[in-house]
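Fold and contact review
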Amino acid sequence: MSATATRVLVLNSGSSSVKYQLLDMGAEPDSGSAAGTRLAVGLVERIGEESSRLVHTPLAAGGEKRETEGAIADHDAALKAVAAELAADGLGLDSPELAAIGHRVVHGGLKFTAPTVIDDAVLAEIERLVPVAPLHNPANITGIRTARALRPDLPQVAVFDTAFHTTMPEHAARYAIDVATADAHRIRRYGFHGTSHAYVSRKTAELLGKDPSEVNVIVLHLGNGASASAVAGGRCVDTSMGLTPLEGLVMGTRSGDIDPAVTFHLKRVAGMSTDEIDALLNKKSGLVGLCGDNDMREIRRRIDEGDERARLAFDIYIHRLKKYIGAYSAVLGKVDAVAFTAGVGENAAPVREAAVAGLEEMGLAVDATLNAARSGEPRLISPDYARVAVAVVPTDEELEIAQQTYALVNA
Ligand code: ADP
């Protein structure tokens, strides 16, 4: 790697999309969260369709957003199109300033507990995990293969969604099912959104003026997908997603926790196939299943108009959230902060207010004025007297991936 190489390209490859960000990490490989200037961000969507779309914004040049429509056949073509856009801004992938490519990889199983430089053996191991992450890992693998073909000489790093959760103790990670069956099929709780939970728990400690090792934090990542985690002294000790991202909180389209016997019932009594049940619980449940909308803004608007279904969906969402706050308070013993993040957590003041309402005895409260104020910065929204800090901490998974990637290739 060249001494001047300080840029990291972050790639998040989905089955029909690629999200990317090019960041300049500055001279200090591990100078903490301050490092990381975004040079360009973008997205290719509907890969494989006639109506593919590339949206590219060159932030460094203060440039305008550029949109291109037209068929992009596969991930290889998508990445080449991204490379061409970057090159047009003088940020091409052949630049000696590019230090590495950091890939988001959803499932790292138990083996990958930290970001890892990708070689053939690592790629083979990520492939071995496809049976436990059939929806996500194949797309991530395609992204890695494509990027390696484009720049075979460049370090490529995998940053795993599951890695932060590998510190969970066995009693939190294991399901209470037959051990031999569980082990034969690698069934256990892995957890997801780990990059976000790591970043937000660290940022929350920073907000409190403490080292992560000194604080216990409950992180509530509430996006379209949603998960909670209990982080003790910087290490994850429990999280709400499990073998797959279906377990836990009520989400935009996923049910979260459910009696597993519901699935037998749907099969035996309702005659549904496994795939139909999978689609029901992952795509037609959660907020959308309950009230037809998964966007919290729309749900709040309907509630304001007196819509009962939207109200009930909101109440079910909040009830589940409260249960996890209570459960993780018990798991942690002492809680220093509850941090809200992601689309809903960062923006929906009514969700934050309702989630901690009535928990004063547990030391939790929000200040109405602080909660209502909008900001893109990490901030406290609890009143001074509250024993537990309540924080809003915008997540930044791309920055976290870039930081971990850059630190690793400079290690
Ligand atoms: P993803 O899981 O897709 O990354 P995000 O973290 O971007 O999701 O969150 C998307 C969700 O955030 C939307 O579905 C919507 O419910 C919610 N959201 C976004 N902006 C607002 C807002 N201003 N008020 C309330 N909810 C919002």
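Each value, and the rule that gives it
- Every chain is numbered on its own, with residues counted from 1 as its sequence reads.
- In keeping with the model being predicted, local features are shown solely for residues with a pLDDT of at least 70 and side-chain atom pairs are shown and tallied solely at 80 or more, while totals for entire chains, interfaces and linings include all residues.
- Note that water and hydrogens are dropped before the side-chain values are worked out from all heavy atoms of the structure.
- Put simply, DSSP marks the helices as runs of H or I at least four residues long and the strands as runs of E at least two long, and each gets a number from the N terminus on.
- In this description the radius of gyration comes from C-alpha coordinates, and the expected globular size is given by 2.2 Å times residues to the power 0.38.
- Each residue gets one of three labels from its accessible area relative to the maximum for its type: buried under 20%, exposed over 50%, partly exposed in between, using a 1.4 Å probe on protein chains only.
- In this analysis, two residues are considered to be in contact whenever any of their non-hydrogen atoms come within 4.5 Å of each other.
- Method for areas: the Shrake-Rupley scheme with a 1.4 Å probe, in which residue coverage is limited to the protein chains shown.
- Neither His nor the chain ends contribute to the count of charged residues, in which Lys and Arg are positive and Asp and Glu negative.
- Here the site of a charge means atom NZ of a Lys, CZ of an Arg, CG of an Asp or CD of a Glu.
- Comment: arc refers to directions from the helix axis out to C-beta atoms.
- UniProt positions are given in the numbering used here, feature names are shortened, and annotations may be inferred rather than shown by experiment.
- Side-chain rings of Phe, Tyr and Trp, where Trp is taken by its six-membered ring, are said to pair if the distance between their centres is within 6.5 Å; with planes under 30 degrees apart they count as stacked, over 60 as edge-to-face, and otherwise as tilted.
- Any Lys NZ or Arg CZ found within 6 Å of a ring centre and within 35 degrees of that ring's normal is scored as a charge over the ring.
- As used in this record, nonpolar core signifies buried Ala, Val, Leu, Ile, Met, Phe, Trp, Tyr and Cys residues forming a set joined through side-chain atoms within 4.5 Å.
- A cutoff of 4 Å decides nearness: a residue is near a molecule or strand if any of its heavy atoms lies inside that distance of it.
- Polar contacts, as counted here, are pairs of nitrogen or oxygen atoms within 3.5 Å of one another; within protein the pair requires one atom able to donate a hydrogen and one able to accept it, and residues that are adjacent in sequence qualify only if both atoms are side-chain atoms.
- All residues other than Ala, Val, Leu, Ile, Met, Phe, Trp, Tyr, Cys, Pro, Asp, Glu, Lys and Arg, Gly among them, are scored as polar; the first ten of these are nonpolar and the last four charged.
- Here, a salt bridge means any side-chain nitrogen of Lys or Arg that lies within 4 Å of a carboxyl oxygen of Asp or Glu.

Brief notes about the overall build of the chain
Each helix and strand counted, the chain has 15 helices and 14 strands in total. Taken over C-alpha atoms, the radius of gyration comes to 22 Å for the chain, in line with the 22 Å a tight globule of 411 residues would show. Referenced to the eigenvectors of the C-alpha coordinate spread, the extents of the chain come out at roughly 55 × 55 × 45 Å. Going through the 411 residues of the chain one by one, you find that 50% of them count as buried. A fraction of 63% describes how many contacts in the chain between residues 6 or more apart in sequence connect residues 24 or more apart. Summed over its atoms, the accessible surface of the chain is roughly 18100 Å², and 53% of this surface lies on carbon and sulfur atoms. Averaging the positions of the 41 positive and the 54 negative side-chain charges in the chain gives two centres separated by 3 Å.

Observations regarding helix α10 (residues 296–304)
Inspection of α10 places M296, I299, R302 and I303 among the buried residues, and these make up the whole buried set. The buried side chains of α10 occupy one side of the element, clustering within an arc of 120 degrees when seen end-on. α10 presents R297 and D304 as exposed residues on the side facing more than 90 degrees away from its buried surface. Where the residues of α10 are buried, they touch α9 (286–291), α11 (308–332), α12 (342–347) and α13 (349–356). After α10 finishes, the residue G306 shows a positive phi value of roughly 90 degrees.

Section: the UniProt feature "active site" (unreviewed entry) in the chain
When the UniProt feature table is mapped onto this chain numbering, "active site" (unreviewed entry) sits at D161. Mapping D161 onto the fold places it in the loop between β8 (156–160) and α4 (170–173). Accessibility expressed as a relative area gives 2% for D161, which makes it buried. Excluding anything up to four places from it in sequence, D161 contacts R104, V105, V106, G191, F192, H193, G194 and T195.

Description of the packing of aromatic side chains
Taken as a whole, this structure holds two aromatic pairs when the rule is applied. Plain terms: the ring middles of F112 and F160 are 4.4 Å apart, the flat faces sit at 10 degrees to each other, and that makes the pair stacked. Taken together, the residues F112 in the loop between β6 (98–105) and β7 (116–117) and F160 in strand β8 connect sequence positions 48 residues apart. With relative accessibility at 2%, the residue F160 sits in the buried group. With a centroid separation of 5.5 Å and an interplanar angle of 80 degrees, the aromatic rings of Y324 and Y328 are classed as edge-to-face. Of this pair, Y324 and Y328 both sit in helix α11, four residues apart, which is roughly one turn of that helix. Here the guanidinium or amino end of R300 rests over the ring plane of F314, the centre of that ring lying 4.7 Å away.

Some details on the nonpolar core
Counting 43 residues, the largest nonpolar core has L220, L222, M296, Y317, L321 and V351 as the members making the most contacts within it. Going through the elements one at a time, β9 (216–222), β10 (226–232), α9, α10, α11, β12 (337–341), α13 and β14 (389–392) are the ones with two or more residues in this core. Top contributing element to this core by residue count: α11, with ten residues. In this structure, F164, A205, V231 and A391 belong to the second largest nonpolar core, which totals 32 residues.

Looking at the site of the ligand
G223, N224, G225, N294, D295, M296, R297, A342, G343, V344, N347 and A348 make up every residue found near the ligand. Between the ligand and V344, the relevant distance is 3.4 Å, taken from an oxygen atom to a main-chain nitrogen or oxygen of the residue. For the ligand, whose free accessible area comes to 580 Å², the fraction covered by protein is 66%. No other element matches α12, which puts four residues into the shell around the ligand. Here the residues of the shell around the ligand are counted per class, giving four nonpolar, six polar and two charged.

Details of the UniProt feature "binding site: Mg(2+)" (unreviewed entry) in the chain
As annotated by UniProt and renumbered to match this structure, "binding site: Mg(2+)" (unreviewed entry) occupies N12 and E397. Spatial clustering of the annotated residues is evident: they stretch over 386 residues in sequence, but the largest pairwise C-alpha distance comes to 10.1 Å. Mapping N12 onto the fold places it in strand β1 (residues 7–13). In this structure N12 touches S17, V18, K19 and R104, once residues within four positions along its chain are discounted. Within the fold, E397 resides in helix α15 (residues 397–409). Setting aside anything within four residues of it in sequence, one finds E397 in contact with T195, S196 and H221.

Section: the pattern of salt bridges
The full count for this structure, using the stated rule, is 26 salt bridges. A salt bridge links K80 to D76, with the shortest nitrogen-to-oxygen separation between them at 3.0 Å. Separated by four residues within a single helix, K80 and D76 lie in helix α1 (residues 75–88), roughly one turn from each other. Look at K80 and you get partly exposed, because its relative accessible area is 45%. Judged by its relative accessible area of 29%, D76 falls in the partly exposed class. Close ionic contact of R188 with E170 constitutes a salt bridge, the shortest N to O distance being 2.8 Å. Of this pair, R188 sits in the loop between α5 (179–184) and α6 (194–207) while E170 sits in helix α4, and the two are 18 residues apart along the sequence. Salt bridges linked by common partners bring E170, R174, D183 and R188 together as one network.

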